[in-house]
Amino acid sequence: AEKGEFEKPKKKSASIFGYPISIFFIVVNEFCERFSYYGMRAVLVLYFKYFLGWDDDFATTIYHTFAALCYLTPILGAIVADSWLGKFKTIIYLSIVYAAGQVILAVSAIHDITDTDRDGTPDNMTFHISLSMVGLLLIALGTGGIKPCVAAFGGDQFQDHQEKQRGTFFSIFYLSINAGSLLSTIITPVLRAQECGIHKQRECYPLAFGVPAALMVVALIVFIVGSGMYTKTAPQGNIMVKFCRCVGFAIKNRFRHRSSAYPKREHWMDWAEEKYDKLLIAQVKMVLKVLFLYIPLPMFWALFDHDQCRHCHGLLTIQPDQMQTINPILILVLVPIMDILESVGFTAFRVHRVSVGSDQSSPETLPKFPSGAEAQVKFINMIEGEAISVNAGGHVYELKPFDVRETHTDTHAQVCARGFEKGGEPQSFSDITAKPEKGANSIRFLNGWTSKLNVTVGESSFGDIVANNMSVYVSVGQGEPQFKIMDASGNECVFTQSLGFGSSYTNVIPPTFAFGENCAASIRPIMDISPNSVHMALQIPQYFLMTAGEVVFSVTGLEFAYSQAPSNMKSVLQAGWLLTVAFGNIIVLIVAEAATLEEQWAEYILFASLLVVVCVIFSVMAYFYTYIDPMKIEAQFAHPDSDELKRKGSFDKNKVHDPHGKQRKDSDSSREGDRAAETKM
């Protein structure tokens, strides 16, 4: 039989305010590592779109694939940590891989490497894509591999009587995650917006990725500095292999003895007793009990990460990059509030709090554009003082002078300027077909004047616009920009326009235009796309609901996974918790592709509805869950008088824990030692 092993007693480490000094190095390490990860991820979709040139759908697919990979690799890290290297060495080695991946990604964003013609655009995109994928693969391996180890390693620093401090540690640990996320989502977009390059200046993705890479190196150094203060638990054999073999043998043995001639056993895992000892079987039962509870959880992460990625695209068209900071700010505020509420008696079942945390809400404010054969057409009457009739798609419209009429026909998207003299033929110009990105405004000028005009705004130029022609669209920021209009003789007119976020205008310079003091009064702005009418602040309540759900869900989940794990399988169960995130991203890829919903609001409704159903299922499962104390169960099997327990492979739940605190038969345990069983509800 393969024998289970016990952890060696922990040595007493130096402490401050009741907390081991070693955890401060772990918290700082986590802060730097999360800054590195979230800083990189904050601009990753932008990098895919604007540097690598991928479209929205492909960028979204790669983003979710990368996110899923980041949360699939924790199982590998858990196996290595619990079975071979131990948590400390696993964190060290995989952090080196992680830092290398960040550096490679930063190098891949340097356009000058292959910009042989010095136009600011890489000439060998295959090289940059390949290097990017190698970097992301190493990052996924590194960040995923250390995920189950860092939190569990922090929990290992506490003595058995420090359950209260351990619970607070997980809250502080989660705060450090979001403090790093907050700063990175503020700083990294600013770094990206800088311009850099040897020959041609462009958005500085190397700097945006380089700073997170530097923070990852700092995280590694900080963690190594605290080496002498850590409580390091030696790996206890290939526990994951033992776990899988034990489960496999139980299933196979049960199948061989499926006949009614064989007596039933209390639990299906008891069919492994012929080969494995009772302690290992009991530990496997504890893990399976929690993993069963994890089954509905991926749906929470499916909705959460679906929202996060859609908001990435939304931020390009609706709001500034820094809108992402609302989430970590709210987390920094809500985590202490949740702890205070719990300390004063708000101790509803912890696992039930996970189901409460699954409620979310998300906005959808992007405009709809014509698609397929249905295209938008604008008819502009350029005839001064006379109305005209337009027949479009069987409908007759009357246009007053300088009026505009939008309709839908089976033509391509275009703008038709109705003659520049009475009875003239329409002229067609390509129209805008997408919402301006990054909150900018797309502006163009229609020159209906008698001669060529040159229009500029700031350092941008619309070029020379010949008579009866349209300029290109130029991206202009929010505010009141001043457009300078000049003719060949040097006459100048300044036209000031008030612009919001995300609008588009065609500014018509009519035939009656004349330079002079009131020249701008005759210019007629025609709105192609309306500015954003919903204030960004109206999204805060939705962010609040999402963040409150995340806080209740994630903090509780981290602590729950640790508290319910056997002594030799803590990293494995942490990896199982993180695995739910991976499956959540896989669900997004599957559902989004299978549903083929054209409207984003319908996508949100679909995911939210699925989560409501899952919430009900999980609440029922949580109601029947009984909390355990793994250390007491393991101690029962180690006790010389526990032969009967070993024979049964079970335990008296009342002696370990009563979820309502009405029975406490284990009188020689301290209150602090029992707090984990009483309050993790």
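Above: the structure in question.
Since the model is a prediction, treat every value here as computed from it, not as a measurement.

About the cut-offs
Residues numbered from 1 in each chain as written. Predicted model: local features only at pLDDT ≥ 70, side-chain atom pairs only at ≥ 80, totals over all residues. Heavy atoms only, no water. Disulfide = S-S within 2.5 Å. Buried < 20%, exposed > 50% of the residue type's maximum accessible area, 1.4 Å probe, protein only. Helix = DSSP H or I, 4+ residues; strand = E, 2+ residues; numbered from the N terminus. Pairing = 2+ DSSP bridges. Axes fitted to C-alpha atoms, helices over the stretch in contact; angles between N-to-C directions. Salt bridge = Lys/Arg side-chain N within 4 Å of Asp/Glu carboxyl O. Core = buried A, V, L, I, M, F, W, Y, C linked by side-chain atoms within 4.5 Å. Contact = heavy atoms within 4.5 Å. Patch = residues over 30% accessible without salt bridge, like charges linked within 9 Å, V, L, I, M, F, W, Y side chains within 5 Å. Areas by Shrake-Rupley, 256 points an atom, 1.4 Å probe, with all protein chains shown as cover. Polar contact = N/O pair within 3.5 Å; in protein donor to acceptor, adjacent residues only side chain to side chain. Parallel < 35°, antiparallel > 145°, perpendicular 65-115°, else oblique. Nonpolar A, V, L, I, M, F, W, Y, C, P; charged D, E, K, R; others polar. Lys, Arg positive; Asp, Glu negative; His and termini not counted. Charge placed at Lys NZ, Arg CZ, Asp CG, Glu CD. Phe/Tyr/Trp six-rings, centres within 6.5 Å; stacked < 30°, edge-to-face > 60°.

1. Here we look at the state of the cysteines
Part 1 of the argument: All chains considered together, the criterion is met by two disulfides.
Part 2 of the argument: Disulfide pairing places C196 opposite C204 at an S-S distance of 2.1 Å. Taking the sign of the torsion about the S-S bond as the criterion, the disulfide between C196 and C204, at about 105 degrees, is right-handed.
Part 3 of the argument: Residue class for C204 comes out buried when judged on its relative accessible area of 6%.
Part 4 of the argument: A sulfur-sulfur separation of 2.0 Å characterises the disulfide bridge that pairs C493 with C519. One disulfide, between C493 and C519, carries an S-S torsion of 100 degrees and so falls in the right-handed class. Separated by 26 residues along the polypeptide, C493 in strand β17 (residues 492-496) and C519 in the loop between β18 (504-509) and β19 (524-529) bring together distant segments of the chain. Side by side, C493 and C519 carry an identical accessibility label, which is buried.

2. What to know about the sheet that holds strand β12 (residues 453-457)
Part 1 of the argument: Reading across the sheet, the four strands line up as β13-β12-β16-β17 and stay open at both edges, with antiparallel pairing between neighbours. The sheet is open, and its two edges are formed by β13 (460-465) and β17, each paired on a single side. This sheet shows a mean twist of 20 degrees between the axes of neighbouring strands, independent of strand direction.
Part 2 of the argument: Sheet topology places β12 next to β13; five bridges connect them, and they run antiparallel. Bridge pairing in β13 links T456 to S461.

3. Focus on the pattern of salt bridges
Part 1 of the argument: What the rule picks out here adds up to seven salt bridges.
Part 2 of the argument: A salt bridge links R192 to E203, with the shortest nitrogen-to-oxygen separation between them at 3.0 Å. On the criterion of sequence distance, the pair formed by R192 in helix α6 (residues 163-193) and E203 in strand β4 (residues 202-203) is long-range, its members being 11 residues apart.
Part 3 of the argument: Taking the relative accessible area as the measure of exposure, E203 reaches 24% and is therefore partly exposed.
Part 4 of the argument: A single network of salt bridges, built from pairs that share partners, joins E30, E33 and R34.

4. Quick word on the nonpolar core
For soluble globular proteins, the rule of thumb is that nonpolar side chains tend to be buried together.
Part 1 of the argument: Core analysis: the biggest nonpolar cluster contains 114 residues, and M40, L44, Y47, F48, F66 and F209 have the highest contact counts within it.
Part 2 of the argument: Excluding its chain neighbours within four sequence positions, the residues that come into contact with F48 are G53, W54, A59, I62, Y63, M133 and L136.
Part 3 of the argument: Residues V455, I465, F483 and I509 belong to the second largest nonpolar core, which totals 20 residues.

5. Remarks on the environment of S22
Part 1 of the argument: Take S22: it is sitting in helix α1 (residues 22-42).
Part 2 of the argument: Apart from residues no more than four positions distant in its own chain, S22 is found in contact with Q157, M229 and Y230.

6. With respect to a nonpolar patch on the surface
Part 1 of the argument: On the surface, a nonpolar cluster with roughly 350 Å² of combined accessible area is contributed by V103, V107, I110, I113 and F127.
Part 2 of the argument: Inspection of the secondary structure puts V103 in helix α4 (residues 74-108).
Part 3 of the argument: Take V103: its relative accessible area is 42%, and that puts it in the partly exposed class.

7. Brief notes about unusual backbone geometry
Part 1 of the argument: Phi at R118 takes a positive value of approximately 55 degrees, unusual for a residue other than glycine.
Part 2 of the argument: Checked against the element boundaries, R118 lands in the loop between α4 and α5 (125-156).
Part 3 of the argument: For R118, a relative accessible area of 54% corresponds to the exposed category.

8. Concerning the environment of T580
Part 1 of the argument: Here T580 shows up in helix α14 (residues 570-595).
Part 2 of the argument: Along the sequence, T580 and Y71 sit 509 residues apart, while their C-alpha atoms lie 7.9 Å from each other.
Part 3 of the argument: With sequence-adjacent residues up to four places away left out, T580 is seen in contact with Y294, L297, P298 and W301.
Part 4 of the argument: At 3.4 Å, the side chain of T580 and the side chain of W301 are in polar contact.

9. Notes on the packing of helix α8 (residues 239-256) against helix α9 (residues 278-294)
Part 1 of the argument: With their axes 10 Å apart at the nearest point, α8 and α9 run at an angle of 85 degrees to one another. Classified by the angle between their axes, α8 and α9 sit roughly perpendicular to one another. Along the contact surface, α8 presents I239, K242, F243, C246 and V247, while α9 presents L280, I281, V284, V287, L288 and L291.
Part 2 of the argument: Partitioning the contact of α8 with α9 into residue classes produces 10 nonpolar, no polar and one charged.

10. What to know about a positive patch on the surface
Part 1 of the argument: On the surface, R245, K252, R256 and K275 cluster together to form a positively charged patch.
Part 2 of the argument: Relative to the assigned elements, R245 resides in helix α8.

11. Digging into the packing of aromatic side chains
Part 1 of the argument: Scanning the model with the defined rule gives 32 aromatic pairs in all.
Part 2 of the argument: Here F445 and F483 contribute two aromatic rings whose centre-to-centre distance is 5.4 Å and whose plane-to-plane angle is 65 degrees, an arrangement assigned as edge-to-face. Here the residue F445 occupies a position in strand β11 (residues 441-447), and F483 occupies one in strand β16 (residues 482-487), the gap between them amounting to 38 residues.
Part 3 of the argument: By relative accessible area, which is 0% here, F445 ends up buried.
Part 4 of the argument: For F483, a relative accessible area of 0% corresponds to the buried category.

12. Overview of the pairing of β12
Part 1 of the argument: Side chains L453, V455 and V457 project from β12 onto a buried face, and the interleaved N454 and T456 project onto a face without burial.
Part 2 of the argument: Relative to β16, β12 is paired through five bridges, and the arrangement is antiparallel. Following the sheet pairing, V457 is matched in β16 by F483.

13. Overview of the side chain of T114
Part 1 of the argument: With respect to the secondary-structure elements, T114 resides in the loop between α4 and α5.
Part 2 of the argument: Of note is the side chain of T114, whose polar atom sits 2.7 Å from the side chain of H128.
Part 3 of the argument: Beyond its immediate sequence surroundings of up to four residues, T114 is in contact with P122, D123, N124, F127 and H128.

14. A few points about the pairing of β11
Part 1 of the argument: Burial within β11 is extensive, with seven of its seven residues counted as buried.
Part 2 of the argument: Judged from the three bridges that link them, β11 and strand β15 (residues 474-476) form a sheet pairing that is antiparallel. Paired with N441 across the two strands is V476, which belongs to β15.
Part 3 of the argument: Where β11 and strand β14 (residues 469-470) come together, two bridges link them in antiparallel fashion. Residue pairing for β14: L446 is matched across the bridge by M470.

So far we have only geometry, and geometry alone does not tell us how the molecule works.
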